[in-house]
Amino acid sequence: MKTLRIIGRNIRDAFKGVFRNFSLSFASISCITITLIVVTISIILSDNVDNFTNLVERDVTIVAFIDNEADDSKIEEIREEISSLNNIEEYEFRSKEEITNEMRDSSDVFDSIMGNWTDDENPIQNTFQVKVTDINKIDNVAKKIEKIDGITLVKYGEGIVEQLISTFEFIHKICIGAVIALILVTAFLISNTIKITISSRQREIGIMRLIGASNLNIRIPFIIEGLLLGLLGSIIPVALTIYGYNSLYHHFNGQLFSPFIKLIEPVPFVYYTSLILVGIGILVGMFGSWRAVRKHLKI
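Reading the values: the criteria
Residues numbered from 1 in each chain as written. Predicted model: local features only at pLDDT ≥ 70, side-chain atom pairs only at ≥ 80, totals over all residues. Heavy atoms only, no water. Helix = DSSP H or I, 4+ residues; strand = E, 2+ residues; numbered from the N terminus. Buried < 20%, exposed > 50% of the residue type's maximum accessible area, 1.4 Å probe, protein only. Contact = heavy atoms within 4.5 Å. Areas by Shrake-Rupley, 256 points an atom, 1.4 Å probe, with all protein chains shown as cover. Axes fitted to C-alpha atoms, helices over the stretch in contact; angles between N-to-C directions. Left-handed = near helix turned anticlockwise from the far one by under 90°. Nonpolar A, V, L, I, M, F, W, Y, C, P; charged D, E, K, R; others polar. Pairing = 2+ DSSP bridges. Patch = residues over 30% accessible without salt bridge, like charges linked within 9 Å, V, L, I, M, F, W, Y side chains within 5 Å. Salt bridge = Lys/Arg side-chain N within 4 Å of Asp/Glu carboxyl O. Lys, Arg positive; Asp, Glu negative; His and termini not counted. Charge placed at Lys NZ, Arg CZ, Asp CG, Glu CD. 1 Å grid on protein atoms, 1.4 Å probe; cavity = no way out; pocket = protein on both sides within 12 Å on 5 of 7 lines; lining within 4 Å. Points joined across faces, edges and corners; volume = space filled by probe spheres on them.

Asker: How would you summarise the overall build of the chain if you had to cite specific residues and measurements?
Answerer: Secondary structure assignment for the chain yields eleven helices and six strands. Each of the 299 residues in the chain was classed as buried or not, and the buried ones make up 38%. Taking as baseline every contact in the chain between residues at least 6 positions apart, the subset at least 24 positions apart corresponds to 83%. Accessible surface for the chain amounts to roughly 17,200 Å². Of this, 60% is attributable to carbon and sulfur atoms.

Structure (structure tokens):
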């Protein structure tokens, strides 16, 4: 019971501290709120860029065009050689008839042009479509496939794919760096704000010393106060995350610019992002308070 009373008193003192020094508390809450809003944007951007990268890696396909003179036995030889290569996730043979029919179904113009072709007149080639396990080694796999006898051409968007993935990875790293920097800066600002609060409460701290309060008992209310500041500062960013991202997702129909670049679905993304924001807010507030007490409270 004594422990519960002490905990209750510390929480009560922390609430009193927040509202007694409301102007300073408001400054800390505003600082946390602004930081977490920027952190929210960085997390949403970072996770979606990571999702774009995964989609690119998953969808990139090597298309190997087969010589029109190759018969069934030659195609089978090519299949065996492709299957023996390392870093192959899956591969599929596509006949020129399948490709032609798909193209005709996709456009009336293609249907008009290709509808009169005979098998001998059809210039489209049979292909093998190959997906790799490690996208970073796709160029090496493409070069090996190109050397197989009976393969006339290999394409996978070389150059563009590597550049796109490299750009996405760079943006992802920048976002992570921005989040870390913002958290550290906010912790420093809160620390300084709470330092001012502590300075204005020296008389109160002196009284606590006189009645025999331990160092821990003096520190705990300030740390809980930091927790409360972090919690209050995360309310607006969490609301913006849940409602703002949902609105963004539905406004753009779940994609940016094209179906190729898909956004992460709101559920459960907005909820675990909100938990991260609350956690960051609480930890930053507590760390800022702890740092201020440790360095500036003379006890």
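Asker: Describe the packing of helix α2 (residues 22–59) against helix α10 (residues 235–251), and please don't skip the residues or the numbers.
Answerer: The N-to-C vectors of α2 and α10 enclose an angle of 35 degrees; their axes lie 8 Å apart at closest approach. Our pair here, α2 against α10, has a crossing hand that is right-handed. Where α2 approaches α10, its residues Thr33, Leu36, Ile37, Thr40, Ile44 and Asn48 are matched on the opposing element by Ile236, Pro237, Leu240, Thr241 and Tyr245. Grouping the constituent residues of the contact of α2 with α10 by class yields seven nonpolar, four polar and no charged.

Asker: Before we move on, can you summarise the sheet that holds strand β2 (residues 88–94) with the specific residues and values?
Answerer: Read from one edge to the other, the open sheet built from four strands follows the order β2-β3-β1-β4, with strand pairing classed as antiparallel. Since the sheet does not close on itself, it has two edges, and those belong to β2 and β4 (151–155), each with one partner. Direction aside, the axes of adjacent strands within the sheet are offset by 20 degrees on average. Looking at chain direction, strand β1 (residues 62–66) and β4 are connected through four bridges and run antiparallel. Counted as the bridge partner of Ile66 is Ile151 from β4. Across the face of the sheet, helix α4 (residues 96–106) comes into contact with β2 and β3 (127–132) while running at roughly 80 degrees to β2.

Asker: Got a sec to walk through a nonpolar patch on the surface? Specific residues and values, please.
Answerer: Taken together, the side chains of Val109, Phe110, Ile113 and Trp117 make up a nonpolar region of the molecular surface, amounting to roughly 350 Å² of accessible area. With respect to the element layout, Ile113 can be found in helix α5 (residues 108–114). Classification of Ile113 as partly exposed rests on a relative accessible area of 47%.

Asker: Before we move on, could you go through the pattern of salt bridges and cite the residues and values that matter?
Answerer: One pass over the full model with this rule turns up six salt bridges. As a salt-bridge pair, Glu76 and Arg79 come within 3.4 Å of each other at their nearest N and O atoms. Highlighted residues: Glu76 and Arg79, both in helix α3 (residues 72–83), separated by three residues, approximately one helical turn. The partner of Lys143 in a salt bridge is Asp139, and the shortest N-O contact between them spans 3.2 Å. With Lys143 and Asp139 both in helix α6 (residues 138–146) and four residues apart, this pair spans about one turn of that helix. Salt bridges here are not isolated pairs; linked through shared partners, they connect Lys74, Glu77 and Asp149.

Asker: Could you give me a rundown of a negative patch on the surface, with the residues and numbers involved?
Answerer: Together, Glu97, Asp119, Asp120 and Glu121 make up a negatively charged patch on the protein surface. Mapped onto the secondary structure, Asp119 falls in the loop between α5 and β3. A residue is classified by how much of its surface remains accessible, and Asp119, at 56% relative accessible area, is exposed.

Asker: Just give me the short version of empty space enclosed by the protein, but keep the residues and values in it.
Answerer: By the definition in use, this model includes one cavity of 30 Å³ or more. By volume, the largest cavity is sized at about 40 Å³. Together, Ile32, Thr35, Leu36, Ile183, Thr186, Ile280, Gly281 and Val284 line the largest cavity. Of all the secondary-structure elements, those providing two or more residues to the lining of the largest cavity are α2, α7 (160–199) and α11 (266–296). In terms of residue class, the lining of the largest cavity is built from five nonpolar, three polar and no charged.

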